[in-house]
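# Working through the structure, step by step
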Amino acid sequence: MPEYDYIRDGDAIYERSFAIIRSEADLSRFSDEEADLAVRMVHACGLVEAAQYFQFAPGFVSAARAALRSGAPIFCDAFMVAHGITRARLPADNEVICTLREPQTADIAREIGNTRSAAALKLWVERLAGSVVAIGNAPTALFYLLELLRDGAPKPAAIIGMPVGFVGAAESKDALAENSYGVPYAIVRGRLGGSAMTAAAVNSLARPGL
Ligand SMILES: C/C1=C2N=C(/C=C3N=C(/C(C)=C4\N[C@@](C)([C@@H]5N=C1[C@](C)(CCC(=O)O)[C@H]5CC(=O)O)[C@@](C)(CC(=O)O)[C@@H]4CCC(=O)O)[C@@](C)(CC(=O)O)[C@@H]\3CCC(=O)O)C(C)(C)[C@@H]/2CCC(=O)O
């Protein structure tokens, strides 16, 4: 039987990973609190080069943290995002909500002529004020959020806009950065992003450190 030499302690693995990321990634343009967030996002995708695409609007980290501390719900576009959020880290037992599979969602999608991911946001509107929005998969969800805000929907406290992919991902994030309707945001420019990175961002904001 071969003897494999590997670290078996979870905290030690995280500590080692974070140290590697800090030694290899260029985090110099971030504040200390933004750098903590960036480290965790890099950790989720395994790509130190990704840090160059991270953009945090002024006040994003403090706005998101304050909202979470005050018990804001977290609205997620995909269950992959929702499931990646570590409940034990949440400071106020915050509700984590994904409405993709609500019975009405498919009908709303047909009605508005959009994807289910976008249609699911219609069910957020009543509780959107002061919430934290975490979009990690669907570009259409981010575009539709911007359309809702344009049309006067209540404003979330912070938007994590990190859809991934080739069709609409870069464009939806550019649109958020161009006009976030006054809401502080975090994005990953270009095609990179994804549910894991988005959940990691929430986990970092919920509780700094390991
Ligand atoms: C076009 C879609 C894209 N999906 C991507 C990547 C991944 N999606 C996965 C899974 C399991 C799901 N994707 C859906 C959200 C589904 N994906 C779409 C849509 C067709 C349209 C969204 C959009 O363009 O904005 C979308 C369906 C919809 O009507 O909204 C999902 C709901 C599909 C389904 O199961 O019915 C589902 C989400 C399930 C959940 O977690 O709740 C992948 C795991 C792919 C796979 O199964 O192989 C992967 C995960 C990536 C991640 O990190 O989140 C893209 C690449 C984002 C793509 C949009 C852009 C593009 O370039 O095509």
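Further up the page is the structure itself.
Residues numbered from 1 in each chain as written. Predicted model: local features only at pLDDT ≥ 70, side-chain atom pairs only at ≥ 80, totals over all residues. Heavy atoms only, no water.

## Here we look at the sheet that holds strand E6 (residues 185–188)
Hydrogen bonds along the backbone pair up the strands of a sheet, which may run parallel or antiparallel. The condition is simple: Strands qualify as paired when DSSP identifies two bridges or more between them. Under the DSSP-based scheme used, a helix requires at least four consecutive residues in state H or I and a strand at least two consecutive residues in state E, with every element numbered from the N terminus. Any two residues having at least one pair of non-hydrogen atoms within 4.5 Å are treated as being in contact. Interaxial angles span 0 to 180 degrees and are taken between N-to-C directions of axes, which are lines fitted to C-alpha atoms, for helices over the stretch in contact.
One open sheet holds the six strands; their spatial order is E1-E6-E5-E4-E2-E3, and the pairing between them is mixed. Only two strands of the sheet have a single partner each, and these edge strands are strand E1 (54–56) and strand E3 (96–97). The pairing of E1 with E6 spans three bridges and is antiparallel. Across the sheet, Phe54 pairs through a bridge with Val188, a residue of E6. Along the sheet, helix H2 (residues 32–45) makes contact with E1 and E6, crossing E1 at roughly 145°. Here helix H9 (residues 195–206) sits on the sheet in contact with E1, strand E2 (74–76), strand E4 (132–135), strand E5 (158–161) and E6, set at roughly 145° to E5.

## Section: helix H8 (residues 169–178)
Rule in force here: Throughout, exposure labels follow a simple rule: accessible area from a 1.4 Å probe, protein chains only, divided by the maximum for the residue type, with under 20% read as buried, over 50% as exposed, and the rest as partly exposed. Throughout, the arc means the angular range of directions from the helix axis out to the C-beta atoms.
Buried within H8 are the following residues: Ala169, Ser172, Lys173, Leu176 and Ala177. Down the axis of H8, the smallest arc covering the buried residues is 140°, so these residues share one side.

## Details of the packing of aromatic side chains
Defined as follows: Between the rings of Phe, Tyr and Trp (Trp by its six-membered ring), a pair exists once the centres lie within 6.5 Å; its type follows the angle of the planes, with under 30 degrees stacked, over 60 edge-to-face, and the other angles tilted.
In the structure shown here, the tally under the stated rule is five aromatic pairs. With 5.7 Å between their ring centres and 65° between their planes, Tyr14 and Phe18 make a pair best called edge-to-face. Of the two residues, Tyr14 and Phe18 are both situated in helix H1 (residues 10–24); the distance of four residues between them amounts to about one turn of the helix. With a relative accessible area of 31%, Tyr14 lands in the partly exposed category. Residue classification places Phe18 among the buried positions, given a relative accessible area of 13%.

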